[in-house]
Amino acid sequence: MPVSPATPRGLDGVVAAQTRLSHVDGQAGELIIGGYQLKELAGRVAFEEAAHLLWRGALPSRDELAKLRREIAQLRALPEETMRVVRAAARTPPIDALRMACATLSLDLAHPDDISPAADMAAAKLLTARFPTVVAAHARLSVGKQPIGPRPDLPLSANFLYMVHGKEPDPIAARAIDAYWVTVIDHGMNASTFAARVIASTRSDMVSAVTGAIGALKGPLHGGAPGPVLDMLKEIKSADRAEAWVRNELAAGRRIMGFGHRVYKVRDPRADVLSKVADQLGSAALENRNLFDLARAAEQTILKVLEEVKPGRNLRTNVEFYTALVLQALGLEPRSFVATFACGRVAGWCAHVIEQHAEDHLIRPQSEYVGPRGLTIGGD
Ligand code: ACO
């Protein structure tokens, strides 16, 4: 049903908050994170440095980084209550297991309802430290393997791959997952961040806000697209089949995953960064190289056909297209992709919760009533 121009569908174009954290310029194809262009940061700072930038407003000094790394490393191990939930959820999709496990993390906070800046910062470190442990433990349990405990001597990203695969990752793989998490750490007022801010605006706590954000990230229109991107490439099989495949999908009224964005009307700058990361991973294994070459060729064909079939919609490659390639080259299962995304985005969610708590103003929009009026129950 059409809505009045005063209430844009899906809040399109509405500014819902002021933030110092990140800015998405959809026309210029730019993403600013804490004052830096994404390309300045990705591949040049570690994930913990980017988290510090968002949480403290500046990149850390060497000592500050070492301290933050130490603190996060000490928090990585999961308490027994959380591990019980992860075990019980071994057969559910990883993102659902992460949502359930995240909610249990309140149990380990001395004052879970405390929303002071110090309590928020402590919760931010806890959540950021433990998300990779949850996702790695679930990845192993879901295939009948025992979880592997975290190694405090490794950076958060390298430790994640260690806990998934049981061996220290090679430097290219460790750099790739780190660059991926920096790339997705924050992205303006996306749906999951908005969900977190709405929850925080009621003076609810950090764990509640982040648990809600995971629910918002899960959907295929937001973070759930990279799994289907990989399915798509497997179905396309070879570059010469791409055009027929994409035309058939569009004729059937289906969306092409990894393309289109509410804000970007040009190529998503995160796709550029991740395509380079996928390219580097492609040099390490022939299988990855073949998939990368197929993706590059299919991307061009899909863009051409989208422009022809959906003219003027400016449907360009988004972050999820190359995310799929990076994560599968790191040996992760497609069902874990969205939960792995959450391991990076959690630092951004926490920063937004801190900012929203400081703002301390309830987010409470109105709706436009389009139902009937004046109905009566009737009778005598
Ligand atoms: N494939 C085919 N057509 C598309 C696609 C697509 N991927 N995306 C949008 N369209 C079409 C719509 O069908 C619609 O066509 P119409 O005008 O003929 O009705 C038009 O473009 C506008 O679509 P909207 O849904 O209004 O655009 P919106 O800005 O709401 O969509 C979204 C953004 C949800 C990301 C959409 O592009 C999409 O579904 N993409 C595929 C899923 C995906 O890749 N999601 C990841 C996004 S990145 C992230 O969240 C981390």
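Residues numbered from 1 in each chain as written. Predicted model: local features only at pLDDT ≥ 70, side-chain atom pairs only at ≥ 80, totals over all residues. Heavy atoms only, no water.

A. Local environment of the domain arrangement of the chain. In terms of domains, the chain is made up of domain 1 (19-222 + 346-359) and domain 2 (226-329). Here the C-alpha centroids of domain 1 and domain 2 sit 26 Å apart. Tallying the contact residues gives 21 residues for domain 1 and 18 residues for domain 2. Here domain 1 packs against domain 2, burying approximately 1500 Å² in sum over the two surfaces, 76% of which is carbon and sulfur. For the domain 1 face of the interface with domain 2, the top three residues by lost area are Gly 26, Tyr 180 and His 187, together amounting to 29%. Linking domain 1 with domain 2 are zero salt bridges. At the junction of domain 1 and domain 2, the tally comes to three residue pairs in polar contact (both at pLDDT 80 or more). Counting only elements with at least two residues in the side of domain 1 that touches domain 2, the list comes to strand S1 (22-25), strand S2 (30-33) and helix H8 (171-183). Among the elements that line the side of domain 1 that touches domain 2, the one with the most residues is H8, at seven residues. The residue inventory of the side of domain 1 that touches domain 2, partitioned by class, reads 13 nonpolar, six polar and two charged. (Domains from an automatic or database assignment. Contact = heavy atoms within 4.5 Å. Buried area = accessible area lost by both parts, 1.4 Å probe. Salt bridge = Lys/Arg side-chain N within 4 Å of Asp/Glu carboxyl O. Polar contact = N/O pair within 3.5 Å; in protein donor to acceptor, adjacent residues only side chain to side chain. Helix = DSSP H or I, 4+ residues; strand = E, 2+ residues; numbered from the N terminus. Nonpolar A, V, L, I, M, F, W, Y, C, P; charged D, E, K, R; others polar.)

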